Amino acid sequence: MKGRNIILLLILLVLIAGLFFGWEVFGPVVHNPGKKFLYIRTGSSYQDVKDSLLKNKMISRDFWFDQVSKYADYPEKVKAGKYKINNGMSLYHLVKMLRAGRQVPVNLIITKLRTKEDLAKKIGTIFEIDSSSAINFLNNDQTLKEFGVDSNTVLTDVIPNTYTYHWNTTMAKIFEKLYDEHEKFWNETRRAKASQLNLSPAQVYILASIVEEETNKQADKGKIASVYINRLKKGMRLAADPTVKFAMRDFELKRIYHKHLEFASAYNTYQNAGLPPGPICTPSIKTIDAVLAAPQTDYLFFVARPDFSGYSNFASDYQQHQLYARAYQKALDSLLQSKQDSQ
């Protein structure tokens, strides 16, 4: 009877041990109530991963994590990346996910960026690579030559869109995907339209960047593009205010005065003929297409309407333009005066 009780006790202990093992390995023992991500940097060791899990309190102790990891041969198979750790997941599923390198994707959402430094900063906040490494890549003419651009025209390869990557993607691979999208965007139809304007795709992009900064009214974009196209054909300077803001890197300027026009820069289209050496922002696809579909006009000038609707008045001769400009100036002076009087 005594021997039978011992056997029963041993069976009970084995069952308890099995349940304990099962709970520790397959139970919901992983914690992440703060919904943090686990970041494993390139070159990290197994100990680095374990230290990060303990520091972030995703696991409470390392014994069972070590056992499962050794069984899965994970210490020799550490993969860098950004991992989503679900609160209540098991050690088994955690190690299985890490060993397989099943990262969560990261999205690089590009809308309107004004400078390559803005792009580098955005990349530095999303990816493992830092912004200084990103800007070094974007300034390296030798590296960029492979993509048909240089440090001035580099943003012409960047079509606003959402791009999906892994967190530890290299800068070269990040830009390679941007370039691939650029190549898809410039299909035969768009290239043919650019050719009809006697412009290259890069030149269309640069022109579109100016139009983008001139107006947010889609109905006016094609007409504004026609003004600049006509000026290019006649050998006139573009004299585009947004290029002065870009040259000065002062994007808060509301009005451009004569002193601003004297700012020396290759991007100042009041001083230099032709298009600037690179884009002054990343224009939307709608704006690029508006430039490609610019109507044939004889417009050489435009100025904002005096009703402050955001639309512009267009003119083919300077005298008519002056009338429009004076009407806008008068309305603007009146508006500023009324604001001062109300203070």
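What you see is a predicted model; the values in this text were computed from it and never measured.

Right, let's talk about the environment of Lys82 for a bit. With respect to the helices and strands, the residue Lys82 is situated in strand β2 (residues 81-84). Taking the relative accessible area as the measure of exposure, Lys82 reaches 14% and is therefore buried. Through-space distance from the C-alpha of Lys82 to that of Val95 is 14 Å; in sequence the pair is 13 residues apart. Apart from the residues within four sequence positions on either side, Lys82 is in contact with Phe37, Leu38, Tyr39, Gln103, Val104, Val106 and Trp167.

What follows is about the domain arrangement of the protein. Examined at the domain level, the protein breaks down into domain 1 (14-100), domain 2 (106-185), domain 3 (199-297) and domain 4 (300-342). A C-alpha centroid distance of 54 Å is found between domain 1 and domain 3.

On to the packing of helix α11 (residues 218-234) against helix α14 (residues 285-292). Helices that pack against each other are described as a pair by the angle of their axes relative to one another and the distance between those axes. For the pair α11 and α14, interaxial distance at closest approach is 8 Å and the crossing angle is 45°. The angle between α11 and α14 places the two elements in the oblique class. Note that α11 runs across α14; the crossing there is right-handed. Between α11, through Gln218, Lys221, Gly222 and Ala225, and α14, the contact on the second element is made entirely by Lys286, Thr287, Ala290 and Val291. A class-by-class count of the residues in the contact of α11 with α14 yields three nonpolar, three polar and two charged.

Reading the values: the criteria
- Residues numbered from 1 in each chain as written.
- Predicted model: local features only at pLDDT ≥ 70, side-chain atom pairs only at ≥ 80, totals over all residues.
- Heavy atoms only, no water.
- Helix = DSSP H or I, 4+ residues; strand = E, 2+ residues; numbered from the N terminus.
- Buried < 20%, exposed > 50% of the residue type's maximum accessible area, 1.4 Å probe, protein only.
- Contact = heavy atoms within 4.5 Å.
- Domains from an automatic or database assignment.
- Axes fitted to C-alpha atoms, helices over the stretch in contact; angles between N-to-C directions.
- Parallel < 35°, antiparallel > 145°, perpendicular 65-115°, else oblique.
- Left-handed = near helix turned anticlockwise from the far one by under 90°.
- Nonpolar A, V, L, I, M, F, W, Y, C, P; charged D, E, K, R; others polar.

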